[in-house]
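The primary structure of each chain is shown beneath.
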Amino acid sequence: MTTATPTRLDLAALNAMDRDRFVATLGPTFENAPWIAQAAWAQRPFASLDALHAAMLDVVRQAPDDRQLAFLCGHPELAGREAQTGTMTAESVGEQGSAGLHALNREELAEIQRLNRGYRERHGFPFIIAVRRSSKQQIFDAMRMRTGRDTAVERREALALIGLITRDRIDALVQG
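Asks: Sorry, what's going on with the nonpolar core here?
Replies: In summary, soluble globular proteins display a tendency toward joint burial of nonpolar side chains. Judged by nonpolar contacts, the single largest core of 47 residues is most densely connected at Leu26, Ile36, Leu52, Met56, Leu78 and Ile139. At the level of secondary structure, the elements contributing two or more residues to this core comprise helix 1 (11–16), helix 2 (19–26), helix 3 (34–41), helix 4 (49–62), helix 5 (65–73), helix 8 (106–123), helix 9 (136–147) and helix 10 (151–173). For this core, the leading source of residues is helix 4, giving seven residues. When residues no more than four places from it in sequence are discounted, the contact partners of isoleucine 36 are Phe30, Met56, Val59, Val60 and Phe71.

Asks: Would you explain the side chain of asparagine 116 in this entry?
Replies: Looking at where asparagine 116 falls in the secondary structure, it is placed in helix 8. Classification of asparagine 116 as buried rests on a relative accessible area of 3%.

Asks: Just checking my understanding: could you explain the packing of aromatic side chains for this structure?
Replies: The way to describe two aromatic rings as a pair is by their centre distance and the angle between their planes. The full count for this structure, using the stated rule, is five aromatic pairs. Their ring planes at 20° and their centres at 6.3 Å tell us that phenylalanine 22 and phenylalanine 46 sit as a pair that is stacked. Of the two residues, phenylalanine 22 sits in helix 2 while phenylalanine 46 sits in the loop between helix 3 and helix 4, which places them 24 residues apart along the sequence. The residues phenylalanine 22 and phenylalanine 46 share a single accessibility class, namely buried. Among the aromatic residues, ring-to-ring pairing joins Phe30, Trp35 and Phe71 into one connected group. The ring centre of tryptophan 35 lies 3.9 Å from the NZ or CZ of arginine 67, which sits over that ring.

Definitions and limits used
Residue indices follow the written sequence of each chain, beginning from 1 at its first position. Local features in this predicted model are restricted to residues whose pLDDT is 70 or higher, and side-chain atom pairs enter the listing and the counts only when it is 80 or higher, whereas totals over whole chains, interfaces and linings include all residues. Excluding hydrogens and water, the side-chain figures rest on all heavy atoms present in the structure. Residues enter a nonpolar core if they are buried and are Ala, Val, Leu, Ile, Met, Phe, Trp, Tyr or Cys, with the set joined through side-chain atoms within 4.5 Å. Only protein chains enter the accessibility calculation, which uses a 1.4 Å probe; a residue whose area is less than 20% of its type maximum is buried, one above 50% is exposed, and one in between is partly exposed. The numbering of helices and of strands both runs from the N terminus, where a helix is a DSSP run of H or I of at least 4 residues and a strand a run of E of at least 2. Contact definition: two residues touch when any of their heavy atoms are within 4.5 Å. Centres within 6.5 Å make a pair out of two Phe, Tyr or Trp rings, where for Trp the six-membered ring is used; the pair is then stacked when the planes are under 30 degrees apart, edge-to-face when over 60, and tilted otherwise. Ring-over charges, as used throughout, are those where CZ of Arg or NZ of Lys falls within 6 Å of the ring centre and within 35 degrees of the ring normal.

Here it is, written out as structure tokens:
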């Protein structure tokens, strides 16, 4: 038995979408922040996936600090409450599952919860990493190392990693 591969959208079809459909389609690529796709829609047509992604990242970069912080806070903690209650986005479920975060043993779960708490207390937003590009051990190591860093450095790091995460999501959704 074979499983069907989801059909990827064509960039031209994406460029032709009305705002509501564009936001419904691309909104999930930026975790719980459809306002990003909504603002980027006005810049259509996009000549490439690079241009589309850059426009969406520019929306985030140009957002006021409080909106950027709210955006960062809209991301789920790794193996956190959202994962435990089944309220994460489908994209995050797949990403966290790819690193085995859905199957942590009791000690690992306690450790990641402790690391999540420490990171959030220090920086004011959840730890963000490109999970699909990391092993479980790399994630734990990065959490330990990055918790002690300067918050401004961490905020830039989180936004840069969101760039990687969202590009992977867009590449999976749209063919350029």
